[in-house]
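Each chain, written out:
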Amino acid sequence: MSAPLADQLDIVIPTIRNLDFLEEWRPFFQPYHLIIVQDGDPTKKIHVPEGFDYELYNRNDIERILGDKAWAISFKDSACRCFGFMVSKKKYIYTIDDDCFVAKDPSGKPINVLEQHIKNLLTPSTPFFFNTLYDPYREGADFVRGYPFSLREGIPTATSHGLWMNIPDYDAPTQARMDEWDCLQTCWGPHAFPHSIPARQHMVKPRERNQRYVDAVMTVPKGTLYPMCGMNLAFDRDLIGAAMYFGLMGEGQPIGRYDDMWAGWCTKVICDHLGVGCKTGLPYVWHSKASNPFVNLRKEYKGIFWQEEIIPFFQNLTLSKTSTNVEQCYLELAELVRKGLGHIDPYFSKLADGMVAWIEGWRLLNPPAASA
Ligand SMILES: O=c1ccn([C@@H]2O[C@H](COP(=O)(O)OP(=O)(O)O[C@H]3O[C@@H](CO)[C@H](O)[C@H]3O)[C@@H](O)[C@H]2O)c(=O)[nH]1
Ligand SMILES: [Mn+2]
């Protein structure tokens, strides 16, 4: 089995469960180093299958390592995974959820996710002009007729966003059952959901399974945001790592499960500003979905309203020319968040503080000399 860049990539896994899913990944993941972020009760002993090379951090470790900045790492939410991005010393990160398994391509061959993510990351992105044959750097593809020659060199790729067979990354309102909607509407009243959510009978898809394998990778165009999911995601730490903060979610926060969305909005505007790219498409994982849509709906509830204001904020913001690296961009963004989103809820001022604390923690663990 090929294990590209095994000495340059860490696999980060947030977990509240057990890690038996690694058995299926053994042929692909065993050559790599794993960083496991154990969420929830730190006294619980997590079993890691034999033979994997790993380091494991629980809440006590996070407190010990980050001290007065540890509060910025979320508790009881998959957002805790970003601690793994911070402690890694490798150039590339792949992060995956513990309920994701090896998917098969249409010929029945198990998909080597790392091989595909690395291909995506090591070939340029083309965010300035859309190639109708998708990623021109894939084997068997190229730039189509009419594609400007001046743009064919592309720009470095910072992020590779992979997809999911079986259970897609739908939000809780789309995944919940009708009776769960009825229950919430009874509890929370007729204005329980924003008008922008269409009539529930057109949305609920609790039984939908993705069986469609689309053999495509594409660059997300410049100026376009996308919902980045943390379930099957790779990125270049040098190019964008300092902005891969998954926010303040879960226990003690008014919102949960918007961790990857937050990181996706932030990283995309910074990638656009710094001239690096984001790709989405292959590779697929098989998501078996261990979380409960009804519980998720409660966690996502505020985000469902807030995202209607947050997204236009990100669509309209401009970072200044003086922000020329990721850390500078991220600190500038933190202040824009404080000013531009604070009116929605005091949470956003705390989130801005969290973004600053994240950069302080990042600098602590990734001092310039070590990075160089
Ligand atoms: O409190 C928690 C909850 C979960 N985890 C770990 O995080 C990942 C994803 O969890 P889960 O499979 O329950 O969630 P999904 O709804 O299927 O996944 C999507 O929701 C995202 C938003 O939070 C997430 O990034 C998506 O991929 C698992 O490994 C859990 O063990 C946790 O650490 N703490
Ligand atoms: Mn899941």
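Where an unreviewed UniProt entry is consulted, the chain appears under the name UDP-arabinopyranose mutase, with the organism given as Volvox carteri f. nagariensis. In the Catalytic activity (unreviewed entry) part of its UniProt record, the chain is described as follows: "UDP-beta-L-arabinofuranose = UDP-beta-L-arabinopyranose". The heading Function (unreviewed entry) in the UniProt record of the chain holds the text "Probable UDP-L-arabinose mutase involved in the biosynthesis of cell wall non-cellulosic polysaccharides."

Draft legend 1. Spotlight on the site of ligand 1. The environment of ligand 1 is made up of 23 residues, and the closest members are Pro-14, Asp-39, Ser-78, Met-231 and Ser-291. Looking at the shell around ligand 1, the elements with two or more residues in it are β1 (9–15) and α8 (259–274). Its residues assigned to classes, the shell around ligand 1 shows six nonpolar, five polar and twelve charged.

Draft legend 2. Summary view of the nonpolar core. Counting residues in hydrophobic clusters, the biggest one holds 90 residues, and the most contacted among them are Cys-82, Ile-240, Ala-243, Ile-270, Tyr-330 and Met-355. A per-element tally of this core places α8 first, with nine residues. Beyond its immediate sequence surroundings of up to four residues, Ala-243 is in contact with Cys-266, Thr-267, Ile-270, Val-326, Cys-329 and Tyr-330.

Draft legend 3. Representation of the UniProt feature "site: Required for activity" (unreviewed entry) in the chain within the structure. In the numbering used here, UniProt assigns the feature "site: Required for activity" (unreviewed entry) to Arg-145 and Arg-152. Its place among the elements puts Arg-145 in the loop between α4 (113–122) and β6 (157–166). Taking the C-beta count within 10 Å as the criterion, Arg-152 has 14 such neighbours and is therefore assigned partly exposed. Look past the residues within four positions of Arg-152 in its chain and what remains in contact with it is Phe-143 and Tyr-147.

Draft legend 4. Local environment of the pairing of strand β8 (residues 232–236). Of all five residues in β8, five are buried, a share of seventy percent or more. With five bridges connecting them, strand β4 (residues 92–96) and β8 associate as antiparallel partners. Note on β8: the bridge partner recorded for Tyr-94 is Ala-234. For β6 and β8, the ladder comprises three bridges, and the chain directions are antiparallel. The residue of β8 that forms the bridge with Ser-160 is Ala-234.

Draft legend 5. Spotlight on the environment of Ile-96. With respect to the helices and strands, the residue Ile-96 is situated in strand β4. Overall, Ile-96 belongs to the buried group, with 27 C-beta atoms counted inside 10 Å. A C-alpha to C-alpha distance of 5.7 Å links Ile-96 and Ile-13, two positions 83 residues apart in sequence. When sequence neighbours within four positions are dropped, the list of residues in contact with Ile-96 reads Ile-11, Ile-13, Met-231, Asn-232 and Val-285.

Draft legend 6. Expanded view of the confidence of the model for the chain. Mean pLDDT over the chain works out to 93, with 91% of the residues at or above the 70 mark. Both confidence scores are given for the complex: pTM 0.94, ipTM 0.97.

Draft legend 7. The arrangement of the packing of helix α10 (residues 326–341) against helix α11 (residues 347–365) in detail. Orientation of α10 relative to α11, taken along the N-to-C sense of each, is 170°, at an axis distance of 8 Å. Here α10 lies roughly antiparallel to α11, going by the angle between them. In contact with Glu-327, Tyr-330, Leu-331, Leu-333, Ala-334, Glu-335, Val-337, Arg-338 and Leu-341 of α10, α11 contributes Phe-348, Ser-349, Leu-351, Ala-352, Met-355, Val-356 and Ile-359.

Draft legend 8. Region of interest: unusual backbone geometry. Each neighbour pair has its own omega, and for Leu-282 with Pro-283 the value is 5°, a cis peptide bond. Despite not being glycine, Lys-76 has its phi angle at roughly 60°, a positive value. Accessibility expressed as a C-beta count within 10 Å gives 17 for Lys-76, which makes it partly exposed. With a phi close to 65°, Arg-257 is a non-glycine residue in the positive phi region. As for its placement among the helices and strands, Arg-257 is situated in the loop between α7 (237–240) and α8.

Scoring rules and cut-offs
- All residue numbers here refer to positions counted from 1 along the written sequence of the relevant chain.
- Chain A is the first chain written and ligand 1 is the first ligand written, with later ones labelled in order.
- Totals for whole chains, interfaces and linings use every residue, but because this is a predicted model, local features are given only for residues with pLDDT of at least 70 and side-chain atom pairs only at 80 or more, for both listing and counting.
- UniProt positions are given in the numbering used here, feature names are shortened, and annotations may be inferred rather than shown by experiment.
- Nearness rests on one distance test: the residue's C-beta atom, set from the backbone, must lie within 6 Å of the molecule or strand.
- By definition, any uninterrupted DSSP run of H or I lasting at least four residues is a helix, any uninterrupted run of E lasting at least two residues is a strand, and each is numbered from the N terminus.
- Polar here means any residue other than Ala, Val, Leu, Ile, Met, Phe, Trp, Tyr, Cys and Pro, which are nonpolar, and Asp, Glu, Lys and Arg, which are charged; Gly is therefore polar.
- A set of buried residues drawn from Ala, Val, Leu, Ile, Met, Phe, Trp, Tyr and Cys, joined through C-beta atoms within 7 Å, is what defines a nonpolar core.
- Comment: burial labels come from other C-beta atoms within 10 Å of the residue's own C-beta, placed from the backbone, where a count of 20 or more is buried, 12 or fewer is exposed, and between is partly exposed.
- Residue pairs are scored as contacts if the distance between their C-beta atoms, which are placed from the backbone, is within 7 Å.
- By definition, two strands form a pair when at least two bridges between them are found by DSSP.
- The predictor attaches a confidence to each residue, and that confidence, scored 0 to 100, is pLDDT.
- Note on method: axes are straight lines fitted to C-alpha atoms, helices fitted across the in-contact stretch only, with angles between N-to-C directions ranging 0 to 180 degrees.
- Reported orientations rely on four angle classes, namely roughly parallel under 35 degrees, roughly antiparallel over 145, roughly perpendicular from 65 to 115, and oblique for the rest.

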